[in-house]
Amino acid sequence: MSLLIQHDSDAAALRRGIRRFLFVAVLATLALLAAIVVRQGLFRQTTSYSFVTDSAQDIAKGQPVRIAGFRVGAVADVSLKDDGQVVVTMEIDADHMRFVTYNARVELRKEGLVGSPTLEIVPGPDKTRLAASQARLAFSRAEGLGALANQVRDEFIPILKDIKLITGVLADPQKGLPGTLAQVRASSEALNTLLANGNSQVHLIGGAATRVLGKAEEDLSQLGQTLAATNARLPGLIDRTQQVLDHVEKITAEAEISVPPALREGSAVASDVREIVSGARQAWPIRNFVNAPAPAKLKLDSDLRGEAGRAR
Amino acid sequence: MRARILWVAALILAGCAAAPDSANAPTEPPRLKAALEAESDGAKRYGRGDYAAAARRFDEAARTYASIDDTPGAARNRLHQARSELAQGRAEAALLTLESAERGGDAGLVLDALLLKAQAQLALDRQAAAQQSLAAASGQCSAACPQAASLHLLQARAGLAANRAPDALAHAEAALKLLQGKDEAAETGNAWRLIAAARLAGGDAGGALPAAHAALEIDRRLALPEKIARDWLLIGDIRKKVGAGGTAAAYRRALDVANAAGLADLARIAARALAADAPVLQGGTP
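Residues numbered from 1 in each chain as written. Chains lettered and ligands numbered in written order. Predicted model: local features only at pLDDT ≥ 70, side-chain atom pairs only at ≥ 80, totals over all residues.

Caption draft 1: Broad picture of unusual backbone geometry. One non-glycine residue, Asp 58 of chain A, lies in positive phi territory at about 70 degrees. Positionally, Asp 58 of chain A belongs in the loop between strand E1 (46-53) and strand E2 (64-67). Of note, the phi angle at Asp 125 of chain B is positive, near 65 degrees, even though the residue is not glycine. As for its position among the elements, Asp 125 of chain B is in the loop between helix H6 (110-123) and helix H7 (127-140). Assessed through the 11 C-beta atoms surrounding it within 10 Å, Asp 125 of chain B is described here as exposed. (Helix = DSSP H or I, 4+ residues; strand = E, 2+ residues; numbered from the N terminus. Buried ≥ 20, exposed ≤ 12 C-beta atoms within 10 Å, placed from the backbone.)

In structure tokens:
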């Protein structure tokens, strides 16, 4: 009897233990679920905005939405309207609503030039009025590689057209290089004719040269007058030069007196330096480490140059 | 960092500990100290082979000693100066310097002066004068005088110059015996070189070669380019006499050493020897 009573009490204890374990497991599961829900932002207060675009390219549900580089929300829905336009709805944290002004626009940007696309809300210049909830914002795409390629192509096409035009003009038989060469040839023939004319005109120059010589004679007589004037002024100039030379001589003599003392001063400075070094050597505690040298004794060497070995 | 601080502290303490003794120690007067420093500096330069600078410093030291009436100091430095001039190959200048040292008249240095004088005279090929100087030096040097080996070596040189090879060999060997066990490497090298030259002159070329190599070995150890080049010349001469191979190689070594050391005269001698040896080589002599 006592054995049966004992068995019942053990079974009851086991049941209690199982119930406790199940209770704790259920609590843990609930806590985990709550954490996941909070992490997913299900209890977060959000506001939705939308924008319309021609294409949903690079836009997808769940794509992050940023303000000044900070993630503030995500794309909640991307849907196609009857007229072919795409409506994109974004969920933004209510905390960040204060940055979304009424004239804010949404830009589709890429991280770097070829990175993953993100939507960036760029607030407008007027920050006093905020956008209402569910407001429709303006949208634009930042220029990617395709846009750059288009821009380069747009720049290049006119240049290529110009090159084509220039080469066409150069190849033109009338106005291009062939025409120019023909003109040069014609010009050289004209030059030959001109030289022939020049030869005939040299004879005419002979007469003119006679007239020039007459004029040169007049000029020479004028030069004679000038030389006479110079001759009159030259003694003064020589006197002046003599004065300058005297001055130089005087300076040299003064230098002769002043320079040797300067050299002596230099020598004195060197002597002073030597004295300072010598004084430093005698100063305590340096003198403890510097001993006065003993008289030198050179090693004996009766054949300093090794001359004895071989007849020179 | 801590170790460095400890070192500095230890040095300061050592300085403090040494201060009282040195404070009481007598200090040399400045001019005497200057003379001693010039002399010491000259000796250092002489040791480094900078003979021109050494001669200048010894001259300065001699003048400073003379200015404080220290005749032995002045004479000693004149001898050092003469030795430096001889090492430069300026034997005439050395003789003039020795004259001024003799005017100082310090008896203790007379023997050294006579030996240097003989050396200069031998360098100038004044054999009679050298013999006189050596005779005077012999009178000053007893058997136990420290310069006995040098005296023998100079007598050997004089003998060799006068074509008295046996006499030269005897003196050189006597010098070598005196030099045994002494720290006189330069003189030992000189002795071996003289033995080699004397043996060569006496017709014993076979015995000359090892002696010349012994001299070369010592001169290499002392790193004396001029002597090394002359040793190689001597070795070349001996090999030529013996008829052994390698004569040109020896002369070439002499030429290379002389060129590298900037010894133009010696390089010319080596080049001449090499050129003279060339026909022999063409004739087929090994």
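Caption draft 2: Looking closely at the sheet that holds strand E7 (residues 136-141) of chain A. All names here are of chain A. An order of E1-E4-E3-E2-E6-E5-E7 is seen for the 7 strands of this closed barrel, with the pairing classed as mixed. Across the sheet, the mean angle separating the axes of adjacent strands is 35 degrees when strand polarity is ignored. Inspection of the sheet shows strand E3 (residues 70-80) paired to strand E4 (residues 86-93) by 7 bridges, in the antiparallel sense. Opposite Val 78, over in E4, you have Val 88 as the bridge partner. (Pairing = 2+ DSSP bridges. Axes fitted to C-alpha atoms, helices over the stretch in contact; angles between N-to-C directions.)

Caption draft 3: Geometry of the pairing of E1 of chain A. Residues and elements named next belong to chain A. As paired strands, E1 and E4 are joined by 8 bridges and run antiparallel to one another. The residue bridging Thr 47 from the neighbouring strand is Ile 92, located in E4. Relative to E7, E1 is paired through 2 bridges, and the arrangement is parallel. Along E7, the bridge assignment pairs Phe 51 with Leu 137.

Caption draft 4: Inspection of the packing of H6 of chain B against H7 of chain B at higher detail. Residue and element names in this part refer to chain B. Look at H6 against H7: their axes get within 8 Å of each other, and the N-to-C directions meet at 160 degrees. One finds that H6 runs roughly antiparallel with respect to H7. The hand of the H6/H7 crossing is left-handed. For the pair H6 and H7, the contacting residues are Val 110, Leu 111, Leu 114, Leu 115, Lys 117, Ala 118, Gln 121 and Leu 122 in the first and Ala 129, Ala 130, Ser 133, Leu 134, Ala 136, Ala 137 and Gln 140 in the second. A class-by-class count of the residues in the contact of H6 with H7 yields 11 nonpolar, 3 polar and 1 charged. (Parallel < 35°, antiparallel > 145°, perpendicular 65-115°, else oblique. Left-handed = near helix turned anticlockwise from the far one by under 90°. Contact = placed C-beta atoms within 7 Å. Nonpolar A, V, L, I, M, F, W, Y, C, P; charged D, E, K, R; others polar.)

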